[in-house]
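Structural features, examined
Below are the chains, spelled out letter by letter.
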Amino acid sequence: MNLNVGIDVAKAKLDYCGMDSAKHIIFQDEVVNAPAGTEKIIKLILDWVDSRDDAEKVVIGMEATSVYNIHPTLYFEQSSALQALDTEIVTLNPKMTHRYSQLFDDDKTDTLDAFHIADFLRMGRYQVPVTRDEKHIALQRLTRERYFVVSQITDCKNHFLNNLYFRLNTLEAELPTSVFGNTMMTVLSGEKYTLDEIAQMPLETLTQDLNQLSHGRFGKPEEIAKALKKAIRSSYRLSKTVADSVDQILAMYVREIRMFQKQLKELDKSIAALCAVIDGANSLNSMPGLGPVYSAGLLAEIGQIERFPDEASLASYAGLSWRRSQSGGNERQLTPRTHSGDQYLRYYLVEAANSIRMHDPVFAKYYDKKYGEVPKYQHRRACIMTARKLVRVIYKLLSDHELYVPVKVV
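We now turn to the structure provided with this report. (Residues numbered from 1 in each chain as written. Predicted model: local features only at pLDDT ≥ 70, side-chain atom pairs only at ≥ 80, totals over all residues. Heavy atoms only, no water.)

Attention shifts here to helix H2 (residues 70-77). Taken together, the buried positions of H2 are occupied by Pro72, Thr73, Phe76 and Glu77. Down the axis of H2, the buried side of the element spans an arc of 135 degrees, and every buried residue falls inside it. (Buried < 20%, exposed > 50% of the residue type's maximum accessible area, 1.4 Å probe, protein only. Helix = DSSP H or I, 4+ residues; strand = E, 2+ residues; numbered from the N terminus. Arc of directions from axis to C-beta.)

An order of E3-E2-E1-E4-E5 is seen for the five strands of this open sheet, with the pairing classed as mixed. Of all the strands in the sheet, the pair left with one neighbour each is strand E3 (25-32) and strand E5 (87-92). Across the sheet, the mean angle separating the axes of adjacent strands is 15 degrees when strand polarity is ignored. The pairing of strand E4 (residues 58-63) with E5 spans six bridges and is classified as parallel. Along E5, the bridge assignment pairs Gly61 with Val90. (Pairing = 2+ DSSP bridges. Axes fitted to C-alpha atoms, helices over the stretch in contact; angles between N-to-C directions.)

Tallied over the full model, the rule gives 22 salt bridges. Note that Lys13 and Asp110 form a salt bridge whose closest N and O atoms lie 2.9 Å from each other. Of this pair, Lys13 sits in strand E2 (residues 13-20) while Asp110 is found in helix H5 (residues 110-123), placing the two residues 97 residues apart along the sequence. Salt-bridge contacts for Asp113 lead to Lys108; the nearest nitrogen and oxygen are separated by 2.6 Å. Three or more residues are tied together by salt bridges with common partners; here these are Lys13, Asp15, Glu30 and Asp110. (Salt bridge = Lys/Arg side-chain N within 4 Å of Asp/Glu carboxyl O.)

Below, the structure is given as structure tokens:
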């Protein structure tokens, strides 16, 4: 007789339901999502095992719900009392349990969700994953935060450009350098001069100041000074009230961009230090064009490669798989890609594939082939298909602990 314990995880509480192989409910209640609550569930499991002579296996399952399920999952896995039993700890895809619950005409409550999870476990249609080790969990926290910091920088830059156009609508056409360099952000945010002061400033003085602010890194400071003064003169004039408001916003976004860039450097330093002691980093870094950022992101989301029985399961986990559709003697040619899976892993795979194909002739040839097969969305489709090819290579490298050896294209 098996005991299937379904747990519906929330931020503050755990709704649980213990069901045996005959679909009898053994216990059902809710506890706080904390060690004390998890210990109560463990005690109920142990009491059931002690009371049964035919107890065989205990299965504890819960949905992957952001960060809320990580603590109870690790607590169950590290419990010495449960380790002494034949216990399986299962993390379920919420889409699977949701579809299963829709088979029944029931209400939607946390209590019923726990019941349906336990019933789903009783059916045995699940896989027991290999738990991520602490190094991969730590790396995942860092790489995911890096992902969001980069997103924040992108958002800030977009808002900065929007307000900069409002202030100087001809600047982009005139300026021969990026506005996001440290010197240009200092100038455009009004930290040193107002734009009106720059317009009245002698060209020679502005050129000297730009050269000093950039520590001589501007190749043509005089050309940039001329373009800047021309953009100020040719743009629409704003009233002082509006101009002061826009200048304040520009200065605010400059501070935010610099803050996020500083955080990004700190994260990159921590990620590099952690990757140095994780197996597989050297294998991925050996691929041309992959780089430390994409390697870290891939390792963090994949975890131990032993979590996946084959490369197809890794591709499915990333959402890079296509469902087969066959009926009778007909095989559907147009099959949609699955839209479930780890969005972070899919992001890193697609971005890495696009980078690798610029450095590796084998991936470049494959990309070009897929690019030419369709008349629309060529780049997007080719990148996704190349990412699927990359999955096979990554699985091989990590499984065999090998370095990547480029193949010569004839």
